[in-house]
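Geometric and topological summary
Okay, here's what each chain looks like letter by letter:
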Amino acid sequence: MKRLLRLLLSAVLLVLVLGHVADPLRAAQRNGPAWWDPDGVGAGADWHYRVPVSLPAVSSLNNTARVDIDFAALMAQLGITGTFDANSVRVVRPGGTLVAVQEYTDTVYGGASDSNSTRGEVRWIVEDGGAQTYYVYFDITQNGTKPANPQVPINGNFEHSAAGTQLPAGWLSATKGNATYDMQVRPAETVNVNSDGNPYNNPHSTNGDPLTGAGSYLLGARTNLEPSNGAISQIDATVLTRTIAVPAGNPGSLTIHWRTEGWDSDTNGVTTFDNIHIRIVTAGGAATEIVGPATNAYTTYPFSPNYGPDPVGTGNSGYGQYNGFDTTLTGTHTLGVAAAQHSEPWFSRSYSLAAFAGQTVTLRIGTTHMELYKSWFHIDDVEWSVVTGSLGSAQGFGVAAFSPLGSQPPGRVLTVQALVDARPTAAANPVAADIYNSAGTLVAAGIRLYNDGTHGDAVAGDATWTNSGADAANPTYTIPLASGSSSGWLVRVFARDASTSTQSAAANGLVHRSGQPAAQVMANWWNIDDAGFSVDAAVLAVSKASTVVSDGVNAANFKAIPGARVRYCLTIGNTGTASASSLVATDSLPATLSYVAGTLASGSDCATAATPEDDNTSGSDESDPVGASFTAGVVTINRSALAVSGSFAVTYQATIN
């Protein structure tokens with residue numbers, strides 16, 4: 001007998017996703033670099049770019065690391081434009097903390113003075129020895145201006161203290177025996193100087209320019225005459241000191257530059273008149289003089305503007321002329337000093353620190369003066385135990401999408417979430433997502449994510465950006481109910497800052513990976529992330545079988561004749577890739593059949609369906625786990641869940657009218 005079967009199946013799928021959503025930090029590590037942020041993501045100042053700097057294997061604790069960086073070139077690598085923020089430069093240790101002693105000097109590049117405001121020299125004191133990778137972070141003002149670097153500078157070039165400062169930042173002490181002496185940081189300048197003592201070449205226009213950069217340190221008597229004290233030598237009239245922790249493994253050398261200027265003189269082995277003396281002093285007080293009369297090396301390392309104990313003459317060098325060094329009044333060299341008469345050169349010495357390896361020593365720079373005939377000295381570009389770093393390619397801040405991941409059911413409104421390393425600063429829609437289906441078709445574009453405690457975002461101002469799709473005015477994407485099981489779905493998240501892209505206007509705010517194509521995918525951009533997911537749907541298969549169990553006439557071989565009773569069996573199975581829940585099936589009896597009360601039963605299959613199901617919709621039989629009822633000519637079957645590959649059967653009997 002052919003019957004009309006109407007079966008309505010409505011399934012809302014319950015999907016169990018394990019190991020995907022619970023750990024967003026793991027996703028961040030998978031998709032981008034761990035990012036340094038001094039005050040927490042989303043708070044205070046956030047940095048957006050960095051460059052790795054590799055130190056050689058010989059680097060040791062307390063070495064001075066040095067690297068020249070052209071930040072404009074790094075920005076070009078990243079495919080961005082903006083106003084470089086010189087305050088933003090920070091050196092970060094391999095473990096993610098700030099280096100304690102560090103500096104960026106934009107007035108020096110390649111060991112020379114430089115006026116390009118987008119490049120300079122970065123130095124720091126090494127805290128992690130060996131072949132380590134440090135990171136130099138930087139930014140543009142469009143992403144929010146950064147405060148000045150609070151870390152202590154090395155300041156061996158005096159670029160990190162204002163003109164007029166007596167004790168420069170990073171230095172230990174600066175003392176002078178009389179207030180009339182000069183002892184201060186000075187800018188580039190030309191000064192007209194007069195001296196007492198009836199000297200030659202007086203007054204004289206002197207060169208006060210630093211060796212490199214914008215500043216140097218001045219000691220001695222340039223502004224004022226040396227104070228009168230009855231012609232007694234004023235030893236250590238000015239003294240500038242700093243401590244140096246000499247690396248144990250790679251002590252290297254101390255290099256210092258100085259310039260002598262003025263009219264007085266001194267002599268090898270004599271410390272009576274005007275001189276500069278530079279010493280390395282150990283904790284026990286032992287002093288090693290590397291520049292000064294005690295070195296007996298005036299020819300190589302001049303320590304006074306002139307040489308000799310007597311007034312300069314036509315046949316001898318001595319005091320009385322401006323920067324005569326070892327020359328007579330007629331310009332003849334008596335010792336072979338390389339500096340020309342009346343010139344104003346910088347001298348330098350590099351001294352091995354091997355004897356001081358592993359010790360903390362004091363660099364002591366002092367001057368001695370005798371009244372009459374002014375002398376003064378400049379110090380610049382002091383450095384020690386230097387190792388040179390190697391730049392890698394620039395990197396940008398990252399984003400990691402962590403929802404949706406895993407398996408998603410048809411009908412689900414997707415919650416989109418992403419973890420962002422730094423605060424996205426684009427003026428509009430800074431974090432957005434696109435959804436692609438398994439065929440690679442864009443099905444939702446520009447889904448806006450929030451970090452303000454709304455739209456499913458749990459905590460305002462943290463690193464997590466969310467849109468749960470609960471607001472119809474700002475939807476995400478709903479997987480169509482009719483979707484079958486498929487893999488290869490994709491969520492692509494964009495976290496934009498305030499930079500302008502050199503790639504295209506559409507890429508504004510995106511940070512390009514050096515050497516990669518321009519296509520806006522995760523592999524090509526630092527602040528784009530792709531995350532894959534699948535759609536897993538329940539597929540319900542239904543079959544119906546009938547058997548005549550009696551006909552009131554025959555003892556066997558029953559016939560489907562009026563008065564005969566027929567047993568019907570509905571078998572429902574899930575052949576999909578996801579569990580089904582809230583399943584409802586109905587079977588409407590035609591007028592040619594009359595339901596036999598109390599015959600509903602359920603089981604795993606037609607042969608074993610023996611669990612009684614009464615005809616009403618109440619009672620414990622409605623959830624055992626099948627519920628079945630009959631009313632108004634319709635058999636209704638309910639089941640709360642049906643697992644993948646699961647099946648069950650429901651039977652009932654009807655009489656043929």
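Report follows, based on the coordinates. (Residues numbered from 1 in each chain as written. Predicted model: local features only at pLDDT ≥ 70, side-chain atom pairs only at ≥ 80, totals over all residues. Heavy atoms only, no water.)

Our focus in this paragraph is the sheet that holds strand β20 (residues 287-291). Overall, antiparallel pairing links the 5 strands, which are arranged β11-β16-β23-β19-β20 in an open sheet. Each edge of the sheet is formed by a strand with only one pairing partner; in this case those strands are β11 (173-176) and β20. If you compare each strand with its neighbour and ignore which way they point, the axes differ by 20° on average. Where strand β16 (residues 234-245) lies against strand β23 (residues 360-369), 9 bridges are found, and the strand directions are antiparallel. Looking across to β23, one finds that Leu 240 is bridged to Ile 365. (Pairing = 2+ DSSP bridges. Helix = DSSP H or I, 4+ residues; strand = E, 2+ residues; numbered from the N terminus. Axes fitted to C-alpha atoms, helices over the stretch in contact; angles between N-to-C directions.)

We now examine the state of the cysteines. The tally for this structure, following the rule as stated, stands at 1 disulfide. Each sulfur in the disulfide pair Cys 569 and Cys 606 lies 2.0 Å from the other. Residues Cys 569 and Cys 606 are joined by a disulfide whose S-S torsion is about -95°; by sign, that bridge is left-handed. You can see Cys 569 sitting in strand β38 (residues 565-574) and its partner Cys 606 sitting in the loop between β41 (601-603) and β42 (611-612), a full 37 residues away along the chain. (Disulfide = S-S within 2.5 Å.)

Below, the discussion takes up the pattern of salt bridges. Once the charged atoms of two side chains with opposite charge are near each other, the side chains can pair. Using the criterion set out here, one finds 14 salt bridges in the structure. The residue Arg 93 makes a salt bridge to Asp 128 at a minimum N-O spacing of 2.8 Å. Of this pair, Arg 93 sits in the loop between β5 (90-92) and β6 (102-105) while Asp 128 is found in the loop between β9 (119-125) and β10 (133-138), placing the two residues 35 residues apart along the sequence. Ionic pairing is found between Asp 587 and Lys 544, a salt bridge with its closest N-O pair at 2.5 Å. Of this pair, Asp 587 sits in strand β39 (residues 579-588) while Lys 544 sits in strand β37 (residues 540-550), and the two are 43 residues apart along the sequence. Through salt bridges with shared partners, one network takes in Arg 66, Glu 121, Arg 123 and Glu 383. (Salt bridge = Lys/Arg side-chain N within 4 Å of Asp/Glu carboxyl O.)

As a further point, take the nonpolar core. Counting residues in hydrophobic clusters, the biggest one holds 63 residues, and the most contacted among them are Phe 71, Val 122, Trp 124, Val 136, Ile 435, Val 491 and Val 493. Broken down by element, this core gets its largest block of residues, 5 residues, from β10. Not counting the four nearest positions on each side in its chain, Val 122 is found in contact with Ala 65, Arg 66, Val 67, Ile 69, Phe 71, Val 89, Val 91, Glu 103, Tyr 104 and Val 136. Membership of the second largest hydrophobic core comes to 38 residues, among which are Ile 244, Tyr 307, Phe 347 and Ile 379. (Core = buried A, V, L, I, M, F, W, Y, C linked by side-chain atoms within 4.5 Å. Buried < 20%, exposed > 50% of the residue type's maximum accessible area, 1.4 Å probe, protein only. Contact = heavy atoms within 4.5 Å.)

For helix α2 (residues 71-78), every residue scored as buried is listed here: Phe 71, Leu 74, Met 75 and Leu 78. Viewed along the axis of α2, the buried residues span an arc of 100°, placing them on a single side of the element. With a side-chain oxygen positioned 3.1 Å from the backbone nitrogen of Ala 72, the residue opening α2 is Asp 70. Looking one or two places after α2, you find Gly 79, whose phi comes out positive at around 70°. (Arc of directions from axis to C-beta. Polar contact = N/O pair within 3.5 Å; in protein donor to acceptor, adjacent residues only side chain to side chain.)

This next bit is on the sheet that holds β9. The strand order across the open sheet formed by 4 strands is β6-β9-β3-β25, and the pairing between neighbours is mixed. At either margin of the open sheet sits one strand with a lone partner, and together these are β6 and β25 (386-388). With direction set aside, neighbouring strand axes in the sheet form an average angle of 25°. When strand β3 (residues 64-70) meets β9, the two strands line up antiparallel, connected through 7 bridges. In the strand pairing of β9, Arg 66 is matched with Arg 123. Strands in contact with α2 are β3, β6 and β9; relative to β3, the strand with the most contacts, it is inclined by about 65°.

Note that Glu 103 resides in strand β6. Notably, Glu 103 is buried but unbridged: the nearest opposite-charge side chain belongs to Arg 123, and the N-O separation is 4.6 Å. Polar side-chain contacts of Glu 103 include one of 2.6 Å to the backbone nitrogen of Asn 155. Residue contacts for Glu 103: discarding those within four places in its chain leaves Glu 121, Val 122, Arg 123, Pro 153, Ile 154, Asn 155, Asn 157 and His 160. (Lys, Arg positive; Asp, Glu negative; His and termini not counted.)

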